[in-house]
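This is what each chain is made of:
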2 protein chains.
Amino acid sequence: MTDQRPTLADVARAAGVSRAAASRAINGAYGTSEAVRQRVRAVAAELGYEPHAVAQALATGRPSAGRRERVEVLIVDPDPAALSVKPFYGRALTGAMRALGDRDIALEVRRVSTLPAQDDDPPYGRLLINVAGAAGAAYARRGRVVALGRSAPGVAFVAPDNDGGGHQAAVHLVKTGRKRVGAVFGPPTPCAQERRDGFLRVFAGAAQPVTAADGDFTYARAYAAARELLAREPGLDAVFAACDVTAMGVLRALRETGRRVADDVAVVGFDGSTLAEAADLTSVYMPVEDEAAAAVQHLLDPALPAPARLPTTLTVRGSS
Amino acid sequence: MTDQRPTLADVARAAGVSRAAASRAINGAYGTSEAVRQRVRAVAAELGYEPHAVAQALATGRPSAGRRERVEVLIVDPDPAALSVKPFYGRALTGAMRALGDRDIALEVRRVSTLPAQDDDPPYGRLLINVAGAAGAAYARRGRVVALGRSAPGVAFVAPDNDGGGHQAAVHLVKTGRKRVGAVFGPPTPCAQERRDGFLRVFAGAAQPVTAADGDFTYARAYAAARELLAREPGLDAVFAACDVTAMGVLRALRETGRRVADDVAVVGFDGSTLAEAADLTSVYMPVEDEAAAAVQHLLDPALPAPARLPTTLTVRGSS
DNA sequence: CTGAAAGCGCTTACAG
DNA sequence: CTGAAAGCGCTTACAG
């Protein structure tokens, strides 16, 4: 195996010129006779010559030719099918792409479980999704970082007004006359707890306390939790779900126990994803695309005002 | 600004050794006295020396240090929010990630409209989604490529058995006694046409021909098409939708015209996405994750049997 | 317009 | 164990 890829020297030799001339001819620089240029190019094409990007980079000092910057989207989620099942991630990617706009920056998606080993080739910046405290801080130490949802203290983040959203959902249920309210909350993450706090605040000191169960944002757990809730409190006339996927589980539990959605039991979700629209589910809409776009924007231009809380809005549909 | 990043030569000079010795000391190669190694390393640390990856790559001939391979997922879709709205893409990403497994290969997502300019830094391979003939062939010329759904002739692809799926949907409607069948088909893409052909074959020569309208896989167009269909043929008792998003539009048209889903009009979608589950929609399930995984698998190991058609299965839910 | 030469920053046989 | 030297493949002043 001696036939390596041809080098500039090969081309120059075959064309009967110096390497310098060959280089100029190929790069279309000034000061090359038409004749030489043509000959060199013809030879190069024939030999299948491709400039060696690494060598070019070294010689010019320019960042490795063609090497594109990249932004990493890091997703922490135990479910390998997370991107299939949770519209949230697709929405975040949409927002990230929007922020990237026309810039020639690659968007890399990574689902991670543990903190990856030190990266030899760190990205321009990272968008952290569901990356909890310790890991978030570790990434921040390694480079530019913005989180979607609160991460470690000191790590810039953008998040929906979860507390406000929870509040909106509760107010809606109260206003529409629901009396016996249940809830399937989320896991012990900041975002889920904020929703819970906002929701429960409305019922503080109410005659009927909220019947609550803990979910983990998955369909399966939500279904089980809802069944449990209904067994514990059969007279429930409303259920708040910590996210839309959770709400799907609740809807199934309702269907299976012969309850009519809305008529018997109102359901309110959280996310405002396409899922909510498909299921005709009342849901607290959070602008995930905008959040992600703002986050990536901040990555690209840290001088911009630090990201913040984005307001949620309640979208009332047939389920309440 | 003369203080560039320090080079190996700087380190060597400061440590009072040759560059060769410095190199060995830093790379932990054999044949370096403990004393020298320690001194060099100390100096390197102090100077903040970082080896120049490009130079290393050139010198060793090894692929640029730390440079990770990458697979590009190229999505052609006019909608900037495509990843938000269509679960298909998230599912494809899930499958692609699954195929990548533990390998240290980056997954890059790109939504493109036109054929990007020649890439200086081509990826290991590309997964083409919705990339039509000409562009597909162009990418194939540039490097390793597999398409999700048929692209240009000669371009390897993996796709669901669309024809068979259309057939399954039609048979289901006939078997459940639907007589006046409508359909909102897709755009003039191979995949949409295969679904249509498979569906229509069942009704060839039927007493009541299928009342059809053309959609484009979007919610808005599907809604409009369904309204038109219902105006043209008010007695419709079933509608086949070319994809789940299309079905969502149909469902809305049904709701708005006061028709009950299933009781008055059966609806069958195509995709089997989370949307179908959320909307309690009967749908032809296609294993997008498996398709994408098979495609990326083939990218990684072209020796594997060429990808093929994957079977679809009908999931009956409340809408039919 | 063209070629000889130096150089990008690092590595690696080869002597010593 | 250590250093002088050549080389990775290309570019770019500098003469001519």
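Worth saying up front: this structure is predicted, and the values here are computed from it rather than measured.

Visitor: Lay out the relation of the copies chain B and chain A in plain terms, naming residues and giving numbers.
Guide: For the pair chain B and chain A, the superposition axis carries a translation of 0.7 Å, the fit reaches an RMSD of 0.8 Å, and the rotation angle comes to 180°. Viewed as a symmetry operation, the transformation between the two copies matches a two-fold axis. Distance from the rotation axis, computed per C-alpha, reaches its smallest value in chain B at Glu108(B): 1.8 Å. A symmetric contact is evident, with 100% of the interface residues of chain B recurring at the interface of chain A.

Visitor: Tell me about the protein's contact with DNA strand C, residues and numbers included.
Guide: In the neighbourhood of DNA strand C, 27 residues make up the surrounding shell, with Arg24(A), Leu8(B), Arg19(B), Ser23(B) and Tyr49(B) lying closest. Considering DNA strand C, the proportion of its atoms within 4 Å of the protein that are sugar or phosphate atoms stands at 60%. Take Leu58(A): an N or O atom from its main chain is 3.3 Å from a base oxygen of DNA strand C. His52(B) has a polar backbone atom sitting 3.2 Å from a phosphate oxygen of DNA strand C. Counting only elements with at least two residues in the surface near DNA strand C, the list comes to helix H2 (19–27) and helix H4 (53–60) of chain A together with helix H2 (19–27) and helix H4 (53–60) of chain B. Tallying contributions element by element places H2(B) first for the surface near DNA strand C, with five residues. Partitioning the surface near DNA strand C into residue classes produces twelve nonpolar, ten polar and five charged.

Visitor: Tell me about the protein's contact with DNA strand D, and name the residues and values.
Guide: Among the 27 residues in the neighbourhood of DNA strand D, the closest are listed as Leu8(A), Arg19(A), Ser23(A), Tyr49(A) and Arg24(B). Sugar and phosphate atoms represent 59% of those atoms of DNA strand D found within 4 Å of the protein. Residue Arg24(A) places a side-chain N or O atom 3.2 Å away from a base nitrogen belonging to DNA strand D. At a separation of 2.3 Å, a base oxygen of DNA strand D approaches a polar side-chain atom of Arg24(B). Counting residues per element, the ones that place at least two in the surface near DNA strand D are H2 and H4 of chain A together with H2 and H4 of chain B. Ranked by residues supplied to the surface near DNA strand D, first place goes to H2(A) with five residues.

Visitor: I'd like a rundown of the interface of chain B and chain A, residues and numbers included.
Guide: Between chain B and chain A, the residue contacts involve 40 residues of the former and 42 residues of the latter. For the chain B and chain A pair, buried surface summed over both sides reaches about 3,200 Å², with 58% attributable to carbon and sulfur atoms. Linking Arg110(A) and Asp104(B) is a salt bridge whose minimum nitrogen-to-oxygen distance equals 3.9 Å. Looking at the side of chain B that touches chain A, the elements with two or more residues in it are H4, strand E1 (69–76), helix H5 (82–85), helix H6 (87–100), strand E2 (105–112), helix H11 (244–256) and helix H12 (274–278) of chain B. Top contributing element to the side of chain B that touches chain A by residue count: E2(B), with six residues. Examined bridge by bridge, strand E2 (residues 105–112) of chain A and E2(B) share three bridges and lie antiparallel to one another.

Visitor: Account for the pairing of strand E7 (residues 211–214) of chain B, naming residues and giving values.
Guide: Here is the key point about a regular strand: its side chains alternate between the two faces of the sheet. Residue and element names in this part refer to chain B. Of the two faces of E7, the one holding Thr 211 and Ala 213 is buried and the one holding Ala 212 and Asp 214 is not buried anywhere. In this sheet, E7 lies alongside strand E6 (residues 181–185) in parallel orientation, the contact comprising four bridges. Bridge pairing in E7 links Val 184 to Ala 213. Handedness of the β-α-β unit built from E6, helix H9 (residues 190–203) and E7 comes out right-handed.

Visitor: Go over the sheet that holds strand E4 (residues 145–148) of chain A with me, naming the residues and quoting the values.
Guide: Taken together, the twelve strands give an open sheet; going across it, the order is E11(A)-E5(A)-E4(A)-E3(A)-E1(A)-E2(A)-E2(B)-E1(B)-E3(B)-E4(B)-E5(B)-E11(B), and neighbouring strands pair in mixed fashion. Either end of the sheet is taken by a strand with one partner, and the two such strands are strand E11 (309–310) of chain A together with strand E11 (309–310) of chain B. With respect to the sheet, helix H13 (residues 288–300) of chain B is in contact with E1, E2, strand E3 (125–129), strand E4 (145–148), strand E5 (157–160) and E11 of chain B, its orientation differing from that of E4(B) by roughly 170°.

Visitor: Residue-level account of the packing of helix H6 (residues 87–100) of chain A against helix H13 (residues 288–300) of chain A, with values.
Guide: Residue and element names in this part refer to chain A. The contact between H6 and H13 brings their axes to 7 Å, and the two run at 45°. As judged from the angle between their axes, H6 and H13 are oblique. Our pair here, H6 against H13, has a crossing hand that is right-handed. Each of Phe 88, Arg 91, Ala 92, Thr 94, Gly 95, Ala 96, Arg 98, Ala 99 and Leu 100 in H6 lies in contact with H13, whose residues at this interface are Val 288, Glu 289, Asp 290, Ala 292, Ala 293, Val 296, Gln 297 and Leu 300. A class-by-class count of the residues in the contact of H6 with H13 yields ten nonpolar, three polar and four charged.

Visitor: Please set out the nonpolar core residue by residue, giving values where relevant.
Guide: If you look at the biggest cluster of nonpolar residues, it comprises 90 residues, and the most contacted ones within it are Ile129(A), Leu148(A), Phe199(A), Ile129(B), Leu148(B) and Phe199(B). Residues Ala192(A), Ala213(A), Leu275(A) and Ala278(A) belong to the second largest nonpolar core, which totals 56 residues.

Visitor: Which residues make up the side chain of Ser151(B), and what are the values?
Guide: Tracing the chain through its elements places Ser151(B) in the loop between E4 and E5. At 2.8 Å, the side chain of Ser151(B) forms a polar contact with the backbone oxygen of Val131(B).

Visitor: Give me helix H9 (residues 190–203) of chain A: which residues, what numbers.
Guide: Residues and elements named next belong to chain A. Relative to the 20 Å expected for 14 residues at 1.5 Å per residue, H9 spans 20 Å between its end C-alpha atoms, a close match to the ideal helical length. Along H9, the positions that sit buried rather than exposed are Ala 192, Glu 194, Arg 195, Gly 198, Phe 199 and Phe 203. Residues of H9 that are buried sit in contact with helix H8 (162–175), strand E6 (181–185), strand E8 (238–241), strand E9 (266–271) and E11. One or two steps after H9, the chain reaches Gly 205, where phi turns positive at roughly 75°.

Visitor: Explain the pairing of strand E1 (residues 69–76) of chain A to me, and be specific about the residues and the numbers.
Guide: Residue and element names in this part refer to chain A. Taken across its eight residues, E1 has six buried, putting it largely inside the fold. Here E1 pairs with E2 via eight bridges, running parallel. The partner of Ile 75 across the bridge, within E2, is Arg 111. The pairing of E1 with strand E3 (residues 125–129) spans five bridges and is parallel. By the bridge assignment, Val 73 is partnered in E3 with Leu 127.

Visitor: Account for the packing of aromatic side chains, naming residues and giving values.
Guide: Residue and element names in this part refer to chain A. Counted by the stated rule, this structure contains twelve aromatic pairs over all chains. Three or more aromatic residues link up through ring pairs in this structure, and these residues are Phe 185, Phe 199, Phe 203, Phe 240 and Phe 270. Just above the ring of Phe 185 sits the side chain of Arg 196; from NZ or CZ to the centre is 5.8 Å.

Visitor: Let's hear about the sheet that holds strand E10 (residues 282–285) of chain B: which residues, and what values?
Guide: All names here are of chain B. Across the sheet, which stays open at both edges, the six strands sit in the order E7-E6-E8-E9-E10-E12 with mixed pairing between neighbours. The open sheet has two edge strands, E7 and strand E12 (313–315), and neither has a second partner. Strand-to-strand twist of the sheet, defined as the mean angle between neighbouring strand axes without regard to direction, takes the value 20°. For strand E9 (residues 266–271) and E10, the ladder comprises four bridges, and the chain directions are parallel. The partner of Val 268 across the bridge, within E10, is Thr 282.

Reading guide: rules and limits
- Residues numbered from 1 in each chain as written.
- Chains lettered and ligands numbered in written order.
- Predicted model: local features only at pLDDT ≥ 70, side-chain atom pairs only at ≥ 80, totals over all residues.
- Heavy atoms only, no water.
- Least-squares fit on C-alpha atoms with pLDDT ≥ 70 in both.
- Contact = heavy atoms within 4.5 Å.
- Near = heavy atom within 4 Å.
- Polar contact = N/O pair within 3.5 Å; in protein donor to acceptor, adjacent residues only side chain to side chain.
- Helix = DSSP H or I, 4+ residues; strand = E, 2+ residues; numbered from the N terminus.
- Nonpolar A, V, L, I, M, F, W, Y, C, P; charged D, E, K, R; others polar.
- Buried area = accessible area lost by both parts, 1.4 Å probe.
- Salt bridge = Lys/Arg side-chain N within 4 Å of Asp/Glu carboxyl O.
- Pairing = 2+ DSSP bridges.
- Buried < 20%, exposed > 50% of the residue type's maximum accessible area, 1.4 Å probe, protein only.
- Right-handed = clockwise from strand over helix to strand, strands pointing away.
- Axes fitted to C-alpha atoms, helices over the stretch in contact; angles between N-to-C directions.
- Parallel < 35°, antiparallel > 145°, perpendicular 65-115°, else oblique.
- Left-handed = near helix turned anticlockwise from the far one by under 90°.
- Core = buried A, V, L, I, M, F, W, Y, C linked by side-chain atoms within 4.5 Å.
- Expected span 1.5 Å × (residues − 1).
- Phe/Tyr/Trp six-rings, centres within 6.5 Å; stacked < 30°, edge-to-face > 60°.
- Lys NZ or Arg CZ within 6 Å of the ring centre and 35° of its normal.

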